[in-house]
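# A closer look at the structure
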Amino acid sequence: MKFGTGENWWREFFALMSSEIAELEGMPLVPGTPTAREERRQRLEDIDAVHEVTARLASFKQVIQRSTAEDGKYILLDLDLDDGTLEMVGYSDDEAATNAYADLETRTRSNPFRDVVLVSVDDASKLQQAYPNYFVNIEVFIHLVNRAIAVG
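Quick look at the structure, then.

## As for the nonpolar core
Counting residues in each nonpolar core, the largest one holds 25 residues, and the members touching the most others are F13, M17, L44, V53 and L57. For this core, the secondary-structure elements that each account for two or more residues are α1 (8-24), α2 (37-51), α3 (53-60), β2 (74-80), β3 (85-91), β4 (114-120) and α6 (139-150). In contact with V53, other than residues within four places in its own chain, are W9, W10, F13, I47 and D48.

## Here's the deal with unusual backbone geometry
Positive phi, close to 50 degrees, is recorded for E52, a residue that is not glycine. In this structure E52 comes out as exposed when scored by relative accessible area, which is 53%.

## Points about the packing of aromatic side chains
Overall, the coordinates contain 6 aromatic pairs when judged by the stated rule. For the pair W10 and F13, a centre-to-centre distance of 6.0 Å together with 80 degrees between the ring planes defines the contact as edge-to-face. With W10 and F13 both in helix α1 and 3 residues apart, the pair spans about one turn of that helix. Of the two residues, W10 and F13, neither departs from the other in class, the shared state being buried.

Rules behind the numbers
Residues numbered from 1 in each chain as written. Predicted model: local features only at pLDDT ≥ 70, side-chain atom pairs only at ≥ 80, totals over all residues. Heavy atoms only, no water. Core = buried A, V, L, I, M, F, W, Y, C linked by side-chain atoms within 4.5 Å. Buried < 20%, exposed > 50% of the residue type's maximum accessible area, 1.4 Å probe, protein only. Helix = DSSP H or I, 4+ residues; strand = E, 2+ residues; numbered from the N terminus. Contact = heavy atoms within 4.5 Å. Phe/Tyr/Trp six-rings, centres within 6.5 Å; stacked < 30°, edge-to-face > 60°.

Functional significance is not addressed by these values, which are geometric in nature.
This is the structure:
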């Protein structure tokens, strides 16, 4: 989900989960989310039943990386959550990189399960440090989701 975009149910899901985590940590809940834990739990369960959120999240951790970025100063990241791939293509020329980014962004803009980013890096091996969300293992978050839904 790109910042400021995405389906309303994704936004609601993350707001509800943020409140669940905030409650566990003794912090204030997200404004606009139910204060009653059972109400939040039920809404999370409903969203999961309709949109298979836990299954989708589980597929995110299965991302396969395909890379031709070793020699590029510019790296085009194409995260496809539908097929579980992160493709990284390197470019040495900024114009070629920008054109490839613009083309791919235009073709994938309406797909909420695709995320395209063009980055400039000195060393492709440092890409994971610069963009950890593309490489993160989300098992802990999935565990928290399952825990929130299971508590009744």
